[in-house]
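# Per-entry structural report
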Amino acid sequence: MAELRLAASRDDAAPEVSGAASAGPVSIAVRNVSKVFARDGQETVALDGVDLDIREGEFLAVVGPSGCGKSTLMRLIGGLDMPTRGEVTIGGAAITAPVTDLGIVFQKPVLLEWRTVLENVMFQIDMRGEKRRDHLDSARQLLAAVGLADFENRYPHELSGGMQQRASIARALIHEPPLLLMDEPFGALDALTREQMRLDLEELWLSTRKTVIFITHSIDEAVLLADRVVVMTPRPGRVDRILDIPLERPRGLEGRKTPEFLAAVDEITELFLANGTLHASRPVLNLLNKKEP
Amino acid sequence: MRKTMAWLKRSRHAFFAFAGLLIVWEAWVRIADVPVYLLPPPSMVAVDLFERWPRVLDHALVTGNEIVAGFLLAVVVSIPLAMIIAYSRPVERSLYPVIVFLQIVPKIAIAPLFIIWFGFGFTPKLLLVFLLSFFPIVVSGIAGFKSLDPDVMDLARSTGANGLKMFLRIRLPQALPQIFTGLKVGAALAATAAVVAEFVASDSGLGYLLLEYNSNLETPMVFAVIIVLSVLGLLVYYAVELIERLAIPWHVSNRATAEEARTT
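Residues numbered from 1 in each chain as written. Chains lettered and ligands numbered in written order. Predicted model: local features only at pLDDT ≥ 70, side-chain atom pairs only at ≥ 80, totals over all residues.

## Concerning the overall build of chain A
The cut-off we apply is this: Every helix listed is a DSSP run of H or I at least four residues long, and every strand listed is a run of E at least two residues long, numbered separately from the N terminus. Every C-beta atom is placed from the backbone, and the number of other C-beta atoms within 10 Å of a residue's own sets its class: buried at 20 or more, exposed at 12 or fewer, partly exposed in between. We call two residues in contact whenever the C-beta atoms placed from their backbones are within 7 Å.
The number of helices and strands found in chain A is nine helices and 10 strands. Each of the 293 residues in chain A was classed as buried or not, and the buried ones make up 44%. Look at the contacts in chain A between residues 6 or more apart in sequence, and 73% of them connect residues 24 or more apart.

So this is what it looks like as structure tokens:
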């Protein structure tokens with residue numbers, strides 16, 4: 001795995017940053033949004049009365065159990081799906097069609113197998129009908145930034161899972177969108193690659209300051225990356241609480257050792273215990289334990 | 001040149017096995033004194049084929065024409081049809097069951113009907129080749145155009161691209177591997193279809209020639225015609241495979257051979 005070193009070094013980024021204070025005005029508003037899926041006459045409530053303001057330039061993580069509607073929430077913000085009730089607005093205007101002013105990273109890399117790494121990044125440009133020659137240089141720079149400089153002519157199947165996901169991040173950034181949607185982007189990676197990707201993403205974010213909505217079910221990841229963490233309840237998904245994470249940036253590898261990190265992880269764990277996502281001890285386990293005298 | 005050498009090196013086992021088989025055949029026929037009309041020695045088949053080559057070639061060209069024309073007609077009709085069926089629900093609901101039902105009909109049994117309708121000429125052969133190649137291409141084409149990763153479509157929608165772009169840049173390339181699988185099956189069936197159509201009624205073509213030699217008990221020439229027919233079928237098949245390699249070099253089916261060539 002190639003190492004990622006971005007243009008902005010840690011020293012450049014450090015002074016101007018301090019947690020949530022850097023977040024700007026509200027740019028995306030989720031107003032009393034519910035989403036009901038109907039299938040075979042059965043209705044599933046994925047989201048129930050969700051209210052959320054996303055500020056410009058902030059890193060917002062959404063954490064919750066599987067099936068709590070976090071991905072649905074992301075799809076609604078991207079205009080890929082429409083809410084059953086309520087509305088989502090961007091810059092005050094209600095979303096009625098897929099939002100094009102954004103980049104998306106999915107859990108799978110979703111690379112086209114017939115395009116090389118560079119051409120997969122350029123796919124974004126081709127689909128938007130922009131001039132290729134205006135973007136080729138920045139595509140190469142982006143690939144270098146995500147550690148894929150030597151792999152631009154390789155095909156996706158020749159890359160590891162982590163490298164493929166890096167390419168998909170480059171593809172989400174090439175058109176310089178102000179908003180980045182990430183749906184469990186590191187969910188399919190092994191633990192070490194995941195840690196590296198997390199470090200790299202923080203640096204990337206510090207150098208670009210885009211609005212990021214990051215869906216995850218890792219509490220650690222959410223706390224280490226985000227300015228604010230939205231904690232969701234199990235289905236039907238509601239916003240349980242929104243926590244400010246006042247950790248200094250860059251958080252890097254040291255972030256885990258700070259008392260603020262531990263406190264935030266503790267608080268979220270308590271919330272998941274209270275809303276039924278986590279159980280401290282299951283009755284079944286107690287039974288098993290009692291069997292042995 | 002290097003590629004050819006590598007290919008020869010890789011196929012040497014098959015080559016020796018084949019040569020061995022011919023030698024055993026030749027020896028056995030001569031030692032056991034098997035009558036020529038039952039099983040001619042391979043050397044006699046080769047000599048006879050060489051001597052009557054011009055005549056065989058004339059008929060091979062007739063059959064080759066039928067195969068290529070019928071197959072191309074099947075390609076031109078079935079791929080757009082697969083597209084329409086894949087993208088239109090009403091068309092799918094009405095046409096697809098009909099296609100599935102027709103596919104079950106033993107198409108070779110229809111050959112005599114074609115003679116009644118279209119006579120003894122080129123047309124009934126063309127249609128039978130078309131009919132046999134058509135179904136595998138349509139069925140695999142539909143499967144190809146339908147198999148789509150929803151995430152890819154979401155990604156495409158987020159770019160604001162129009163339907164034509166989505167088709168040309170995503171759906172079509174995505175469908176190509178499965179389409180080629182259907183094309184290869186169709187190509188393999190095309191030679192069979194042409195010969196069967198010639199069996200039923202014709203005055204030319206390798207199928208006609210085969211029946212003629214068969215009725216005269218000229219067994220060496222029967223073998224010779226079968227060999228020419230096999231080569232003809234193989235040519236069509238490999239032509240499709242060559243186009244496949246050029247069209248979708250990125251696909252798994254082409255990767256394996258590329259890597260194999262690299263390592264040997």
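More follows now that the structure is in view.
## A short note on the interface of chain B and chain A
Put simply, the rule is: Each residue gets one label: Ala, Val, Leu, Ile, Met, Phe, Trp, Tyr, Cys and Pro are nonpolar, Asp, Glu, Lys and Arg are charged, and the others, such as Gly, are polar.
Each partner contributes to the interface: chain B provides 16 residues, whereas chain A provides 17 residues. At the level of elements, α8 (150-157) and α9 (163-200) of chain B are the ones that each hand at least two residues to the side of chain B that touches chain A. Ranked by residue count, the leading element in the side of chain B that touches chain A is α8(B), at six residues. Among the residues forming the side of chain B that touches chain A, the class breakdown is seven nonpolar, three polar and six charged.

## Concerning the packing of helix α7 (residues 122-146) of chain B against α9(B)
Residues and elements named next belong to chain B. Stated formally: Angular values range over 0 to 180 degrees, each being the angle between N-to-C directions of two axes fitted as lines to C-alpha atoms, with helices fitted over their stretch in contact. Should an angle fall under 35 degrees it is called roughly parallel, over 145 degrees roughly antiparallel, and 65 to 115 degrees roughly perpendicular, with every other angle called oblique. By convention, the crossing between two helices is left-handed when the near helix turns anticlockwise from the far helix through less than a right angle, and right-handed when the turn is clockwise.
Two numbers describe how α7 lies on α9: the axes approach to 7 Å, and their chain directions differ by 160°. In terms of their interaxial angle, α7 and α9 are classed as roughly antiparallel. Relative to α9, the crossing made by α7 is right-handed. Residue composition of the contact of α7 with α9, by class: 19 nonpolar, nine polar and three charged.

## Focus on the pairing of strand β8 (residues 211-216) of chain A
Residue and element names in this part refer to chain A. Test applied: One requirement defines pairing of two strands: DSSP has to find at least two bridges between them.
For β8, the tally of buried residues reaches six of six residues, placing the bulk of the element in the interior. Across five bridges, strand β3 (residues 59-63) lies against β8 in parallel orientation. Counterpart to Phe 59 in the pairing with β8 is Val 212. Two strands pair when backbone bridges link them, and strand β7 (residues 179-183) and β8 are joined in this way by five bridges, in the parallel orientation. Opposite Asp 183, over in β8, you have Ile 215 as the bridge partner.

## Considering the domain arrangement of chain A
All names here are of chain A. Going by this rule: For the purposes of this description, domain bounds are those given by an automatic or database domain assignment.
In terms of domain boundaries, chain A breaks down into domain 1 (10-101 + 179-291) and domain 2 (113-177). Looking at the side of domain 1 that touches domain 2, the elements that each hand over two or more residues are β7 and α6 (191-208). A class-by-class count of the residues in the side of domain 1 that touches domain 2 yields six nonpolar, one polar and one charged.

## Some words on the UniProt feature "domain: ABC transporter" (unreviewed entry) in chain A
The following threshold applies: UniProt positions are given in the numbering used here, feature names are shortened, and annotations may be inferred rather than shown by experiment.
If you check UniProt for "domain: ABC transporter" (unreviewed entry), the listed places come out as residues 28-259 of chain A in our numbering. Note that residues 28-259 of chain A is 30% helix and 28% strand, and that its end C-alpha atoms are spaced 31 Å apart.

## Let's talk about the environment of Ile174(A)
All names here are of chain A. Topologically, Ile 174 is positioned in the loop between α5 (161-173) and β7. When the C-alpha positions of Ile 174 and Ala 139 are compared, they lie 6.1 Å apart, and in sequence the two are 35 residues distant. Setting aside chain neighbours within four positions, we find Ile 174 in contact with Val 121, Gln 124, Ile 125, His 135, Ser 138, Ala 139 and Leu 142.

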